[in-house]
Amino acid sequence: MEKRELLYEGKAKKVYATDDPELLIVDYKDDATAFNGLKKGTIAGKGSINNRMSNALMRMLGKYGVPTHFVRELSDRETLVRRVQIVALEVIIRNIAAGSFAKHYGVCEGTPLKISTIEFSYKNDALGDPLINEYHAQALGLATKAEIDRISELAFRVNKELQAFWLSCGVTLVDFKLEFGRLNDGSIILADEISPDTCRLWDAQTGEKLDKDRFRRDMGGVEEAYREIMSRLETHMA
Ligand code: TMP
């Protein structure tokens, strides 16, 4: 597979064209940002960990019937993926109160939620990715009702499988963010990444944070946390 021109550079990844118009190469960086790019840094080894973790989880989800963009891991940092039109929604599932949910609703971080929740943000850096509801998303033409229903169904299925997998690693899946894309035939598949950048992962015994919150909140031990969570995944991945 030949790597062609750089199509897009995001905060954590670069995306390249290939000689196949249906396929792209994603190249994961060690760069980390938070608060819509206000805070910048690097997390040594993150690119490789996020690439390999996201691929392992997407491979697993594929077996459970969740269609994903994953095609093939090319190197430590590079993966071949299916080209999609990204749906401009960040899809967030929560099992335990944390982050913006804890802040908005005045609940202590760590409070278990009575049901798992889904919410959407409008993927728009200039606006700071504002929360949006299903009606607003349809009104703005970001997705149809059928697409939002399908995305929600897939997101909850991802939650079920990821919760069970992380529990087997001694890790609590607190919350996470997904992005979906459309193929040319209109079908919806899981895209972007699933990694410690996009999930809250807490040690099930101690509650220790093993994710990007260590960077966002200047807690230290960031690289160690990424290495720890990756080693748990590698130990428990069937
Ligand atoms: P939040 O509590 O800050 O809204 O974050 C919810 C989840 O989404 C958490 O697992 C971190 C993830 N997330 C991203 O992946 N990208 C983002 O830009 C933000 C704000 C959160």
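What comes next is a walk through the structure. Computed from a predicted structure; not experimentally measured.

Let us look at the overall build of the protein. From N to C terminus, the protein includes 6 helices and 14 strands. Computed over its C-alpha atoms, the radius of gyration of the protein comes to 17 Å, within 12% of the 18 Å expected for a compact globule of 238 residues. Each principal axis of the C-alpha distribution contributes one length, and for the protein these read about 50 × 40 × 35 Å. Considering the protein as a whole, with its 238 residues, one finds that 52% of them fall into the buried category.

Contact geometry for helix H1 (residues 46-63) and helix H6 (residues 222-236): axes closest at 10 Å, N-to-C directions at 30 degrees. By the angle between their axes, H1 is roughly parallel relative to H6. Crossing handedness for the pair H1 and H6: left-handed. Counted together, Lys46, Ile49, Asn50, Arg52, Met53, Ala56 and Leu57 of H1 and Tyr226, Arg227, Ile229, Met230, Leu233 and Glu234 of H6 form the full contact between these two elements. Classifying every residue of the contact of H1 with H6 by side-chain character gives 8 nonpolar, 1 polar and 4 charged.

Between its terminal C-alpha atoms helix H4 (residues 145-168) stretches 35 Å, which fits the 34 Å expected from 24 residues at 1.5 Å a residue. Taken together, the buried positions of H4 are Glu147, Ile148, Ile151, Ser152, Leu154, Ala155, Val158, Asn159, Glu161, Leu162, Phe165 and Trp166. Directly beyond the C-terminal end of H4, a positive phi value near 75 degrees is found at Gly170.

What follows concerns the nonpolar core. If you look at the biggest cluster of nonpolar residues, it comprises 48 residues, and the most contacted ones within it are Leu57, Leu162, Trp166, Leu178, Phe180, Leu190 and Ile194. Counting residues per element, the ones that place at least two in this core are strand E4 (31-34), H1, strand E9 (89-96), H4, strand E12 (171-182), strand E13 (188-191), strand E14 (199-203) and H6. Ignoring sequence-local partners within four residues, the contact set of Leu178 consists of Leu89, Glu90, Val91, Ala155, Val158, Leu190 and Ile194. Among the nonpolar cores identified, the runner-up in size contains 5 residues, and Val15, Leu24, Tyr28 and Val81 belong to it.

One pass over the full model with this rule turns up 31 salt bridges. Here Lys11 ties to Asp125 by a salt bridge, and the two come within 3.4 Å at their closest N and O atoms. A residue pair is termed long-range when its members are at least 10 positions apart, and Lys11 in the loop between strand E1 (3-9) and strand E2 (13-18) and Asp125 in the loop between strand E10 (112-122) and strand E11 (131-132) qualify at 114 residues. The exposure class of Lys11 is partly exposed, given its relative accessible area of 37%. Asp125 sits in the partly exposed class, given a relative accessible area of 45%. Connected via shared salt-bridge partners are Arg94, Glu109, Glu119, Asp175, Arg200, Lys209, Asp213, Arg216 and Arg217.

Further remarks concern the packing of aromatic side chains. Enumeration over the complete set of coordinates arrives at 2 aromatic pairs. Ring centres of Phe101 and Tyr105 lie 4.8 Å apart, and the angle between their planes is 65 degrees; this geometry places the pair in the edge-to-face category. Taken as a pair, Phe101 and Tyr105 lie in helix H2 (residues 99-105) at a separation of 4 residues, close to a single helical turn. Of the residues examined, Phe101 reaches a relative accessible area of 15% and is grouped as buried. The class for Tyr105 is exposed, based on a relative accessible area of 55%.

Cut-offs used in this document
Residues numbered from 1 in each chain as written. Predicted model: local features only at pLDDT ≥ 70, side-chain atom pairs only at ≥ 80, totals over all residues. Heavy atoms only, no water. Helix = DSSP H or I, 4+ residues; strand = E, 2+ residues; numbered from the N terminus. Rg over C-alpha atoms; globule rule 2.2 N^0.38 Å. Buried < 20%, exposed > 50% of the residue type's maximum accessible area, 1.4 Å probe, protein only. Axes fitted to C-alpha atoms, helices over the stretch in contact; angles between N-to-C directions. Parallel < 35°, antiparallel > 145°, perpendicular 65-115°, else oblique. Left-handed = near helix turned anticlockwise from the far one by under 90°. Contact = heavy atoms within 4.5 Å. Nonpolar A, V, L, I, M, F, W, Y, C, P; charged D, E, K, R; others polar. Expected span 1.5 Å × (residues − 1). Core = buried A, V, L, I, M, F, W, Y, C linked by side-chain atoms within 4.5 Å. Salt bridge = Lys/Arg side-chain N within 4 Å of Asp/Glu carboxyl O. Phe/Tyr/Trp six-rings, centres within 6.5 Å; stacked < 30°, edge-to-face > 60°.

In short, shape yes, function no, at least from these values alone.
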